[in-house]
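Breakdown of the fold
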Amino acid sequence: MALRRQKGVTALLVGPAAAFFLLLLVLPLVVVVIYSFGERGPAGGYTPAFTFDNYLNIASRGQAFLNTLMMAPLGTLLCALVAYPMAYYLAVKAPARWRVMLLVLIIVPFWASQLLRIYAWLLILGNRGIPSLLELVGLEDVRLVNTRFAVLLGMVYGYLPLMIFPIYVSLEKLDKRLLEASADLGAGAWRTFRQVTLPLSLPGVATGSLLVFILLMGEFIIPALLGGGKVFFIGNALVDLFLQSRNWPFGAAVAVSIVAIMLATIAVYMRFLLGRNQLRQEALI
Amino acid sequence: MRWYAAAIYVFLYLPIALIVIFSFNAGKYAMDWQGFSVEWYFKAFANPFALKALRTSLVVGLWTAVLATSLGTLAALGLERMSGWPRRASDGLIYIAIMVPGVVIGIATLIAFVTAFNLANPFLEGLFGDAAPRLAMGLPTVIGAHVLFNLAVVILIVRSRLAGLDRSLIEASEDLYATPLGTFRQVVLPMLAPAILASFLLSFTFSFEDFIIAFFVSGPDSTLPIYIFSSIRRGITPEVNAIGSVVLAVSLTLLIMAQFLLRDRTGSRGARGDQA
């Protein structure tokens with residue numbers, strides 16, 4: 001195409017979007033790093049300085065880090081365990097003409113308001129929900145809301161579709177002749193699954209886990225509604241530091257730390273995928 | 001296996017259905033069924049705070065959808081013409097914007113706006129004296145932050161449609177002496193239309209539903225999700241369920257429409273774009 005060579009047109013097309021990304025995402029993230037070495041101003045906000053105090057101070061929010069770093073991997077694992085059979089059903093067992101419909105039904109609730117979906121569990125787990133039903137059969141004083149259980153349940157519920165999709169994609173791409181070959185060579189159904197299907201679908205599991213884990217690192221709504229004051233995450237600490245106690249430099253240090261953890265996770269993921277070169281394409285979103 | 005799948009669908013939809021069911025509860029408590037009634041819908045629509053928040057959310061959602069869809073479509077067309085490191089860098093940025101949690105986007109945009117306002121306000125004061133307009137958080141900042149995260153979604157959707165375009169149609173148009181703009185208007189644009197419309201619906205929905213980003217940059221202008229969140233904090237009432245049901249009805253309708261636009265004729269390719 002003749003147009004391909006006109007750089008000015010390309011710049012005009014991409015320019016406005018690029019300005020949004022630069023001014024509202026890239027530059028502010030650089031500023032966050034600078035702030036993280038600063039000091040808190042008298043009325044909150046930021047005064048320039050160069051100190052590592054904010055990073056050394058992170059231990060004072062240690063509980064939020066501990067909660068997040070324990071619950072997020074656990075939630076991701078549970079999510080993967082629940083999602084795998086579902087993805088397998090959709091990719092292998094579901095009738096072909098229903099498949100599109102079934103997939104739409106999976107993704108639509110994920111896109112619906114997360115706030116309301118988690119709020120629904122507050123209704124279900126709250127005192128007038130399941131606990132009042134348990135009372136009818138004689139189990140009194142069961143507390144479900146504001147527990148780790150409630151937060152884990154919310155995490156699985158909130159991110160299940162995001163886990164199902166990548167696993168579905170990797171299972172759907174799987175060459176069915178490999179399964180026949182495995183059966184022809186005398187492997188049983190379980191052995192075929194363990195030695196052929198599962199290893200070939202691992203990139204999908206890895207992609208799903210990466211997406212879910214990264215989003216859980218910044219989770220706010222689930223611990224805020226289902227964890228009460230008891231189970232709080234780094235995301236809740238960030239909201240507090242930036243909006244309530246207005247200690248921006250400390251908040252910036254916390255933000256830099258979680259972004260560092262996310263980047264490290266992505267690095268591990270890339271390494272895992274590079275080790276499986278031929279499957280790299282399909283696992284990428 | 002089939003039973004497991006059925007159980008998953010129940011797990012996904014039952015909680016949403018409960019909100020809607022209990023919005024019709026006559027009683028005062030959210031989960032204590034006292035008979036059917038629509039009075040909480042009347043109460044919700046007579047509540048000035050809820051109505052103001054609803055209007056804010058609609059305005060923010062419409063502006064976000066218009067800006068994100070138009071700028072995102074242009075960017076997708078531009079990216080198609082790029083190659084080498086600028087292309088790779090842009091792709092990286094788009095994925096970062098999609099993958100980063102809302103809290104981080106909230107912080108980044110909060111800092112960007114506050115820094116800009118701190119620089120601009122003394123300057124404006126110097127220019128206009130006491131009558132100077134003071135820049136502060138409000139509707140425009142929410143719209144800006146929402147456009148940022150929806151741009152990435154729009155770019156991915158439009159681009160996956162662009163990648164599936166039949167090149168021979170474009171070549172045919174050029175062979176028939178159409179100008180580049182003519183080819184775009186008469187061949188490319190009509191083929192992109194479903195993706196553009198789907199992008200519009202999706203970015204409106206995502207903006208309409210967003211809580212965490214708006215929480216950071218809305219200032220005094222509460223959006224509907226912020227109003228719902230603070231109501232939940234004050235106590236669960238059927239009124240919250242009624243407002244929630246309205247939000248769910250709007251967003252589920254738009255989401256399903258967008259899904260069908262994306263699926264239309266593209267078959268399995270739509271499925272990949274969805275993961276955005």
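Residues numbered from 1 in each chain as written. Chains lettered and ligands numbered in written order. Predicted model: local features only at pLDDT ≥ 70, side-chain atom pairs only at ≥ 80, totals over all residues.

**Some points on helix H3 (residues 62–93) of chain A**
- Under the 1.5 Å per step criterion, the end-to-end length of H3(A) is 46 Å for 32 residues, consistent within 8% with the ideal 46 Å.
- Maximal helix bending in H3(A) amounts to about 30 degrees, located at Ala83(A); proline Pro85(A) follows within four positions. (Helix = DSSP H or I, 4+ residues; strand = E, 2+ residues; numbered from the N terminus. Expected span 1.5 Å × (residues − 1). Bend = angle between axes of the 7 residues up to and from the residue.)

**Description of the packing of helix H1 (residues 7–35) of chain A against helix H6 (residues 139–163) of chain B**
- Packing of H1(A) against H6(B) leaves a shortest axis separation of 10 Å and a crossing angle of 115 degrees. In the packing of H1(A) onto H6(B), the handedness of the crossing is left-handed. Contacts between H1(A) and H6(B) pair Ala17(A), Phe20(A), Leu24(A) and Leu25(A) from the former with Gly144(B), Ala145(B), Val147(B), Leu148(B) and Leu151(B) from the latter.
- When grouped by side-chain class, the residues that make up the contact of H1(A) with H6(B) number eight nonpolar, one polar and no charged. (Axes fitted to C-alpha atoms, helices over the stretch in contact; angles between N-to-C directions. Left-handed = near helix turned anticlockwise from the far one by under 90°. Contact = placed C-beta atoms within 7 Å. Nonpolar A, V, L, I, M, F, W, Y, C, P; charged D, E, K, R; others polar.)

**Looking at the interface of chain B and chain A**
- Between chain B and chain A, the contact holds 67 residues from the first and 61 residues from the second.
- Among the elements that make up the side of chain B that touches chain A, the one with the highest residue count is helix H1 (residues 2–22) of chain B (11 residues).
- Looking at side-chain class alone, the side of chain B that touches chain A contains 51 nonpolar, 11 polar and five charged residues.

**Let's talk about the nonpolar core**
- Core analysis: the largest hydrophobic core is formed by 168 residues, its most contacted members being Ala87(A), Ile107(B) and Leu151(B).
- Examining the composition of this core, we find that 16 residues originate from one element, helix H7 (residues 148–173) of chain A, more than from any other.
- Not counting chain neighbours up to four residues away, the residues in contact with Ile107(B) comprise Val32(A), Leu238(A), Phe242(A), Ala255(A) and Phe216(B). (Core = buried A, V, L, I, M, F, W, Y, C linked by C-beta atoms within 7 Å. Buried ≥ 20, exposed ≤ 12 C-beta atoms within 10 Å, placed from the backbone.)

**Description of the confidence of the model for chain A**
- For chain A, per-residue confidence averages 84 on the pLDDT scale, and 94% of positions sit at 70 or higher.
- Element-level pLDDT for chain A is lowest in helix H13 (residues 280–283) of chain A, with a mean of 49, against a maximum mean of 92 in H7(A). (pLDDT = per-residue confidence, 0-100.)

**As for the environment of Asp32(B)**
- Its location among the elements puts Asp32(B) in the loop between H1 and helix H2 (39–46).
- In this structure Asp32(B) comes out as partly exposed when scored by C-beta crowding, with 13 C-beta atoms within 10 Å.
- Note: C-alpha distance between Asp32(B) and Pro238(B) (206 residues apart in sequence) is 9.6 Å.
- Excluding residues that lie within four positions of it along the chain, Asp32(B) makes contacts with Arg128(A) and Gly27(B).

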